[in-house]
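A look at the structure
Spelled out from the first residue to the last, the chains are:
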Amino acid sequence: MDTKMATNRYICRKHKITMEIVSARDFRANQSAILAKALKGESVLLTSRLGTFKITPVTQEDTLTSRICEGLREVRDIETGKIAPKTARAFLDEL
């Protein structure tokens with residue numbers, strides 16, 4: 001990659017954290033490099049006219065939370081009669 005990113009790097013020596021702030025324009029031009037930094041655990045903030053966003057990888061905990069929410073929605077739908085009740089065996093077979 002020959003292009004240079006106009007980024008701002010801030011270092012907090014007390015907490016030993018480096019934070020990189022990139023513009024939406026630089027992010028579009030260098031997505032792979034910026035996402036690789038976030039994947040390695042570096043703090044990356046994306047600034048745009050819509051606001052500032054922290055770029056972080058999805059963790060196993062994030063996917064577990066979404067699966068729990070999906071299960072709770074399904075239970076609510078069973079309770080309200082939107083879908084037919086399932087047996088414990090049917091639930092286990094889905095896993």
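See the structure shown above.
From a predicted model like this one, the values you see are computed outputs, not experimental measurements. (Residues numbered from 1 in each chain as written. Predicted model: local features only at pLDDT ≥ 70, side-chain atom pairs only at ≥ 80, totals over all residues. Heavy atoms only, no water.)

Of the regular secondary structure elements, the protein chain holds four helices and four strands. Along its sequence from the N terminus, the protein chain presents helices and strands in the succession β-β-α-α-β-β-α-α. Residues counted as buried form 17% of the 95 residues belonging to the protein chain. In the protein chain, the proportion of contacts linking residues at least 24 apart, taken out of those at least 6 apart, comes to 28%. (Helix = DSSP H or I, 4+ residues; strand = E, 2+ residues; numbered from the N terminus. Buried < 20%, exposed > 50% of the residue type's maximum accessible area, 1.4 Å probe, protein only. Contact = heavy atoms within 4.5 Å.)

Taken as a whole and assessed by the stated rule, the structure comprises one salt bridge. We note a salt bridge from K37 to E20, for which the minimum N-O separation is 3.0 Å. Here K37, found in helix α2 (residues 31-39), pairs with E20, found in strand β2 (residues 17-23); they are 17 residues apart in sequence, far enough to count as distant. Here K37 and E20 have matching classes, each one buried. (Salt bridge = Lys/Arg side-chain N within 4 Å of Asp/Glu carboxyl O.)

The subject of this paragraph is the pairing of strand β4 (residues 51-55). Relative to β4, strand β3 (residues 43-48) runs antiparallel, the two being bridged by five bridges. If you follow T47 over to β4, its bridge partner there is T52. Between β3 and β4, which follow one another and run antiparallel, lie two residues. (Pairing = 2+ DSSP bridges.)

Among the residues of α2, those classed as buried are I34, K37 and A38. For α2, the arc enclosing every buried residue in end-on projection is 100 degrees, short of the 170-degree limit, so these residues lie on one face. Facing away from the buried side of α2 by more than 90 degrees, the exposed set consists of S32 and L39. (Arc of directions from axis to C-beta.)

With respect to the helices and strands, E74 occurs in helix α3 (residues 60-79). By relative accessible area, which is 19% here, E74 ends up buried. Residue contacts for E74: discarding those within four places in its chain leaves I83, K86, F91 and E94.

Nonpolar side chains collect at one region of the surface, where L64, I68 and L72 lie side by side and expose about 300 Å² of accessible area between them. On the secondary structure map, I68 appears in helix α3. (Patch = residues over 30% accessible without salt bridge, like charges linked within 9 Å, V, L, I, M, F, W, Y side chains within 5 Å. Areas by Shrake-Rupley, 256 points an atom, 1.4 Å probe, with all protein chains shown as cover.)

What follows is about the nonpolar core. In this structure, V22, F27, I34, A38, V44, L46 and I55 together form the largest nonpolar core, which totals seven residues. Looking at this core, the elements with two or more residues in it are α2 and β3. (Core = buried A, V, L, I, M, F, W, Y, C linked by side-chain atoms within 4.5 Å.)

Before going further, it helps to examine α3. Here α3 is 20 residues long and its end C-alpha atoms lie 29 Å apart, about the 28 Å a rise of 1.5 Å per residue gives. Two residues or fewer after α3 comes G81, characterised by a positive phi angle close to 85 degrees. (Expected span 1.5 Å × (residues − 1).)

Classification of E20 by relative accessible area gives buried; the value is 2%. A distance of 3.0 Å separates polar atoms of two side chains, one belonging to E20 and the other to K37. (Polar contact = N/O pair within 3.5 Å; in protein donor to acceptor, adjacent residues only side chain to side chain.)

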